[in-house]
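Listed below, chain by chain, are the residues.
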Amino acid sequence: MHKGVSDIAAGGFIGGVALLFLPETIALEGVSAVLPKLLVFGMLLGSAYLIALGVVRKVRSGEAEEEGEPTAMSRIFIIGAGSIAYVLAAPVLGFYVSSFTFLFIMATILLKHDGSKAKAAVLNVIFAVLMCLVVWGGFDVLLSVPTPPGILF
Amino acid sequence: MKKRFTLRLLLAFLLIISISGAAYAEYPDSPINMIIAFSAGGSSDVQARITQKYWNKYSKQRLVFVYKPGAGGAIGFSEIALAKPDGYTIGGLNVPHIILQPLVQRAPFSIDSFEYICQAVNDPQVVAVRKDSKFKSVKEIFAFAAANPKKLRIGLVGPNSGHHLMFLEVIEKFKFPASPVFYKGSADQNAALLGGEVDVMFGNLNDVMRSRDELNILGIASEKRNAFVPEVKTMRELGFDVVSYIRRAFAAPKGVDKKALAYLTDVFKKIAADPGYLADMKKAGQPEEYLDGSAFSKVVHDQYQHDKAALQKAGLIK
Amino acid sequence: MTEFIVPALGHLIEPWNIILMVAGLTGGIIVGALPGLTATMGVALMVPATFAMNPTSGLIMLGAIYVGAIYGGSNSAVLICTPGTPSSVATTFDGWPMCKAGRADFGLYTSLVSSAFGGIIGTVGLLFLAAPLARFALNFGGPENFWLCLFGLSTIAVMSSDNMMKGVLSGAFGILISTVGLDPNAGIPRFTFGYYPLVQGIEVIPAMIGLFSFSQVLYLIGSHKPFIAEFTPTKGAFMQVTRELATKCKVVLMRSSLIGTLVGMLPGAGGEIASIIAYNESKRWDKHPEKYGKGSIEGLASSESANNAVIGGALIPMLTLGIPGSAVAAVILGALMAKGIQPGFKVFTTTGDLAYAFIFSQFAVNLLMLPVGYLLAKVMAKLLSIRLTFVAIAIVMLSVIGSYAIRNNMLDVWIVIIFGVIGYFASRVSLDTGAMALGIILGPMIEENLGKCVDISKSLDGSVFDVFFASNITIILMLMTALSFVTPLIMNKRKKRRNAACACGTPKEDGHA
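Residues numbered from 1 in each chain as written. Chains lettered and ligands numbered in written order. Predicted model: local features only at pLDDT ≥ 70, side-chain atom pairs only at ≥ 80, totals over all residues. Heavy atoms only, no water.

S.K.: Which residues make up the interface of chain B and chain C, and what values do they have?
M.R.: Between chain B and chain C, the residue contacts involve 45 residues of the former and 46 residues of the latter. With both sides pooled, the region where chain B packs onto chain C buries about 3,600 Å², and carbon together with sulfur makes up 55% of that total. Here Arg 135 of chain C ties to Glu 214 of chain B by a salt bridge, and the two come within 3.2 Å at their closest N and O atoms. Of all the elements in the fold, those that place two or more residues in the side of chain B that touches chain C are α2 (43–58), β2 (63–67), α3 (74–82), β6 (179–183) and α7 (186–195) of chain B. Per-element tally for the side of chain B that touches chain C: the top contributor is α7 of chain B, with six residues. Class assignment of the residues belonging to the side of chain B that touches chain C gives a composition of 21 nonpolar, 10 polar and 14 charged. (Contact = heavy atoms within 4.5 Å. Buried area = accessible area lost by both parts, 1.4 Å probe. Salt bridge = Lys/Arg side-chain N within 4 Å of Asp/Glu carboxyl O. Helix = DSSP H or I, 4+ residues; strand = E, 2+ residues; numbered from the N terminus. Nonpolar A, V, L, I, M, F, W, Y, C, P; charged D, E, K, R; others polar.)

Structural data, given as structure tokens:
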């Protein structure tokens, strides 16, 4: 990513969060307001500085494009969306059912096996079942840590 | 052959389900969830665990502990208030927390959201100073505070807690300006007293007992003297009319099935009379005091009026 | 004391107690290594089990779990860049680069040996200096803790010296996030955005699981690597690490362990701050600070020895004054009280048998940790030979259950996802997730202690500055904080000067040792 673009994005993020908190910060009074006000206004100033710096860098553009590691955004999107679906499903379907489904589907989509499709499917099922068993044995049985409840289990 | 067996098994299974699901099934027919609004290992948890130990003696069903800590207990209390009133979810409550949280923090429950089962603990507040403190009596402290406005530092857990209320009551009644210093928990509060950051603390007996060797308890804000510290005079005996407690109780959500409530009341009553339970409570430093549901409900409602007035007077709520 | 030594040692060689120590350690290490399951939780979960044991055995086991869990946190920090407990945030700084460079076994063994060393130093403090140290710890009140937290926060400046603005803003973001929920000074809700459950605040652990572990999943999945890191075990790595620690890291180890012991015994501060401060100090005093953050053995050793030294420190005020020095010590205190054991200086006399058995068991546990941890490290390193995709997906599942388990609350699971996404994109634009985590951890402590200073200032008819200057410890901490902010500037200057001077040969290694 270009260094200037990265500065603008970072500044934008920090500034955005500060703006999100701004209305409630102004409404606060007394001791509760001291630290948030300091932070929110500091962050706004800092983000303005970063964005300005980024724009200057981008305009001058003397700095070359920095080559980072190649990233596959589509894969990141898949696991992100999958995780959100998983967390949505867990309290409804039950933790183990949704976990198994999540593990199996994600492994199927994201993992490139060398062998045949059937072999890959078997491997993925084994993986999903194994993880569920380990978590069940370790958390539910051994430590009796509760898992999210749902209709099924 | 095999098929028929499966079918029979299935029928039997359905029968069991229909019996247990029927309205006339004997309560309780499955484990009961006990919501603890504080973290595992804390004072409330220790008390509930002792109860659980004797629960198994009087009930066929287990208690399953569910910890819902957060926001000084408000998260767990809401969970109890909003649970299905089928008698399978009960929990521990603390007073004055359940009175103050709806008043000050907009908590989504009120003192009328519960069906009280019983009170288990009545933990009086005490006035304590460091062992080598220049104050030897409550009278000296109050006299110093009156003579030196704002100079006296009083350590409290809070704000908007039972300690804070006792502080407000004291400064209101005896007309002296002192500076309160608030701590997150009793551990910090004890440390501050021992380190000399505050001169006096208003704390719970149960918490003070942990550092018993290091401090002097000058007065206890209870109706009568406490068995843990029989030598300590009550505030009334000392001439100051202050009574302040933190109470722990068990409750079910409002509108819980009458039969279930009767059952729970009965079991908790038996536990509270068990000599083993009483001995364990004493060992753990928990000032036990049983009150039945209706008596406790009255206590809570009376205290609600009192606390609300106190907070309004102090300008903390409108 | 002497009359208790023999019976106390007698307890230790009982086979049942040895089994409990090994079991506690193993369980603790695993609990600590799993993101979401912390030392506090591991110990709290086992408290009911101790009710069935005699007090000595129960206490020994809880102590073993504590030690194991704090060390265990480093395993996931090294292998997947996820601090298993909040105490091992600083372990990721050098542990993960080491793993990425294919030296995972060096990282794991460094953590193991340093943890055991730190643990033993902490226990020495507990054994010989309990009384004076406990008295000293009481001097830390609101103003002292406030400046200690700021000092810890100044690490951000040192950590991100190349890009201070982004580091500071990341820290500010973390602190702002920590203000969500009940305000510690007025007790009223803030930043709930109309959603009541937010009144409980954003819990540190889910936020950290998000920032580190879930964002790491996104990073790993997005990289085209087949495995997390290249790794082939080096023969004799353990001995090599031990030798290196014993020679060029002995000063670092000693200093970090002392910092850990001292910070541990303060009621308000625990391993989270101790490891950060120790890391920071090692970097500050090192002749070659630039190697930190790139897989240096010193950085890893300082963080891990400090957080294990905290244990001994945290037990000091707990046993002597009934004031726990950490959340875990608080749980152990609860277990002690339930057994009817009264803390106080007289635990060393009236219940001396138990107290000394417990202290000696801490020595034994730290020594036993070497073989137990060694075997487990071998097993855990196998993680690197599993296909990356499997590991990443499994981490998501573990993060979900781990974050749920903290408060039995789906909100915490959502926090993991949200902070995971934030963490991933933040690190792509070179914001600092470590600084964010520091802000989230230290934010509430800073605000709470500042509130105390304000309360106290009212009794002095002055401002908070009068409170700050009233205590010598505070003044020292203020100077140290100021120094800490200046160091990166000096370091940059020194680096420039050295680069300008010459690039002749490798610098000498044994400078200050």
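S.K.: Explain the domain arrangement of chain A to me, using residue names and the numbers behind them.
M.R.: For chain A, the domain assignment lists domain 1 (3–60) and domain 2 (73–142). Taking only C-alpha atoms into account, the centre of domain 1 of chain A sits 39 Å from that of domain 2 of chain A. (Domains from an automatic or database assignment.)

S.K.: For the packing of aromatic side chains, give the residues involved together with the corresponding values.
M.R.: Any pair of aromatic rings gets described here by the distance separating the centres and the angle formed by the planes. Within this structure, the stated rule accounts for 33 aromatic pairs over all chains. For the ring pair Tyr 109 of chain C and Phe 238 of chain C, a centre distance of 5.4 Å and an interplane angle of 80 degrees mean the geometry is edge-to-face. Of this pair, Tyr 109 of chain C sits in helix α6 (residues 104–137) while Phe 238 of chain C sits in helix α11 (residues 237–247); the two residues are 129 residues apart in sequence, bridging distant segments of the chain. Ring centres of Tyr 109 of chain C and Tyr 374 of chain C lie 5.3 Å apart, and the angle between their planes is 25 degrees; this geometry places the pair in the stacked category. With a gap of 265 residues between them, Tyr 109 of chain C in helix α6 and Tyr 374 of chain C in helix α16 (residues 352–381) connect regions that are remote in the sequence. Its relative accessible area of 6% is what places Tyr 109 of chain C among the buried residues. The class of Tyr 374 of chain C is partly exposed, set by a relative accessible area of 28%. Among the aromatic side chains, those forming a connected cluster through ring pairs are Phe 77, Phe 109, Phe 114, Tyr 116 and Phe 296 of chain B. (Phe/Tyr/Trp six-rings, centres within 6.5 Å; stacked < 30°, edge-to-face > 60°. Buried < 20%, exposed > 50% of the residue type's maximum accessible area, 1.4 Å probe, protein only.)

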